[in-house]
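Tertiary structure, described
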Amino acid sequence: MREPSREEMLAALEKRQGAAAVRKLQAATVAVCGLGGLGSNIAISLARAGVGKLILVDFDCVDVTNLHRQQYKASQVGLPKPEALLANLKEIAPYTEYETHFEKVTAESVSRQVAKAQIVCEAFDNAEAKAMLVNAVLETMPEKYLVAASGMAGYDGGNSITTRKITKHFYLCGDGKSDVNDGIGLVAPRVMLCAAHQALTAIRLILGLE
């Protein structure tokens with residue numbers, strides 16, 4: 001079987017999404033911080049939509065407990081998440097530009113890691129890490145858009161997952177209340193719904209629809 005050329009894939013995207021939209025998406029760079037249930041799904045949605053460059057940041061490796069909701073394969077258990085996700089993304093969107101960082105996001109490192117991005121997607125599990133990234137982007141990189149998540153655990157209905165505009169450059173997706181730390185589990189469809197909200201918000205921002 002022959003892999004489609006870059007021109008063929010762009011033509012297919014333009015047919016479905018419109019040439020003007022694809023041009024804007026191709027010119028955009030989005031950073032995804034955290035490549036778990038949220039981040040791996042966000043990255044795949046953005047790559048499929050034709051975002052020109054993705055920056056992928058995570059310090060973790062694929063674990064068997066990730067496989068029920070994250071976009072990895074059983075054969076990738078033990079691999080660094082940026083490496084494994086990059087391999088999967090290249091099968092989906094081979095002509096997208098990717099930049100990977102196999103390291104932790106800290107208050108000191110984040111400005112370097114997301115420097116080239118216009119939009120930063122927060123996709124952490126840890127509340128302290130979420131707060132650190134939100135504060136770092138909003139306070140030290142006010143020109144960037146931040147799309148964060150809060151609340152996607154449990155088995156509640158999907159309609160409770162929403163997107164809220166908090167400030168001009170800050171959007172928050174989720175139900176705002178469910179927390180895995182309260183003993184509530186994570187199920188793939190609900191996590192993916194929240195990730196889809198984040199990816200769609202990023203796309204809408206790129207297209208000037210927000």
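In what follows, the structure referred to is the one given above.
Report on the accompanying structure.

About the cut-offs
- Residues numbered from 1 in each chain as written.
- Predicted model: local features only at pLDDT ≥ 70, side-chain atom pairs only at ≥ 80, totals over all residues.
- Heavy atoms only, no water.
- Helix = DSSP H or I, 4+ residues; strand = E, 2+ residues; numbered from the N terminus.
- Rg over C-alpha atoms; globule rule 2.2 N^0.38 Å.
- Buried < 20%, exposed > 50% of the residue type's maximum accessible area, 1.4 Å probe, protein only.
- Contact = heavy atoms within 4.5 Å.
- Areas by Shrake-Rupley, 256 points an atom, 1.4 Å probe, with all protein chains shown as cover.
- Lys, Arg positive; Asp, Glu negative; His and termini not counted.
- Charge placed at Lys NZ, Arg CZ, Asp CG, Glu CD.
- Salt bridge = Lys/Arg side-chain N within 4 Å of Asp/Glu carboxyl O.
- Core = buried A, V, L, I, M, F, W, Y, C linked by side-chain atoms within 4.5 Å.
- Pairing = 2+ DSSP bridges.
- Right-handed = clockwise from strand over helix to strand, strands pointing away.
- Axes fitted to C-alpha atoms, helices over the stretch in contact; angles between N-to-C directions.

1. Here we look at the overall build of the chain
Counting its regular elements, the chain contains 7 helices and 7 strands. Reading the helices (α) and strands (β) of the chain from amino to carboxyl end gives α-α-β-α-β-α-β-α-β-α-β-β-β-α. Taking 210 residues into account, the globule formula puts the C-alpha radius of gyration at 17 Å, and the chain, at 16 Å, falls close to it. Taken across its 210 residues, the chain has 49% of its residues classed as buried. Pairs at least 24 residues apart make up 67% of the contacts formed inside the chain by residues separated by at least 6 positions. If you sum the accessible surface of the chain, you get close to 10,200 Å²; carbon and sulfur atoms cover 54% of it. Computed over 23 positive and 23 negative side-chain charges, the separation of the two mean positions in the chain equals 7 Å.

2. What about the pattern of salt bridges?
In the structure shown here, the tally under the stated rule is 11 salt bridges. For the salt bridge of Lys53 with Glu99, the shortest nitrogen-to-oxygen distance reads 3.1 Å. You can see Lys53 sitting in strand E2 (residues 53-57) and its partner Glu99 sitting in strand E3 (residues 97-101), a full 46 residues away along the chain. With respect to class, Lys53 is no different from Glu99; both count as buried. In this structure, Glu91 engages Lys73 in a salt bridge whose closest nitrogen and oxygen atoms are separated by 3.6 Å.

3. Considering the nonpolar core
Leu38, Ile42, Leu46, Leu54 and Leu56 are the most contacted members of the largest nonpolar core, which has 42 residues in total. The biggest single contributor to this core is helix H7 (residues 188-206), with 8 residues. Beyond its immediate sequence surroundings of up to four residues, Leu56 is in contact with Val32, Leu35, Ala43, Leu85, Leu89, Tyr98, Glu99, Thr100 and His101. Counting residues in hydrophobic clusters, the runner-up holds 20 residues, among them Cys33, Ile55, Val114 and Leu133.

4. Regarding the pairing of strand E5 (residues 145-149)
In terms of burial, E5 is largely enclosed, as 4 of its 5 residues are buried. Relative to E5, strand E4 (residues 119-122) is paired through 3 bridges, and the arrangement is parallel. Within E5, the position partnered with Cys121 by the bridge is Val147. Handedness of the E4-helix H6 (residues 127-140)-E5 crossover: right-handed.

5. Quick look at the environment of Asn41
Inspection of the secondary structure assignment puts Asn41 in helix H3 (residues 37-49). For Asn41, a relative accessible area of 7% puts it in the buried group. When the C-alpha positions of Asn41 and Val110 are compared, they lie 21 Å apart, and in sequence the two are 69 residues distant. Those residues in contact with Asn41 that lie beyond four places of it in its chain are Gly36, Arg69, Gln71, Met192 and Ala195.

6. Overview of the sheet that holds strand E6 (residues 162-167)
Spatially, the 7 strands line up as an open sheet ordered E3-E2-E1-E4-E5-E7-E6, and their pairing is mixed. Looking along the sheet, the strands with just one partner apiece sit at the ends: E3 and E6. In this sheet, adjacent strand axes meet at a mean angle of 20° when their direction is disregarded. Of the strand pairs in this sheet, strand E1 (residues 29-33) and E4 are connected by 4 bridges, and their pairing is parallel. Along E4, the bridge assignment pairs Val32 with Cys121. This element, H3, spans E1, E2, E3, E4 and E5 of the sheet and lies at about 170° to E2.

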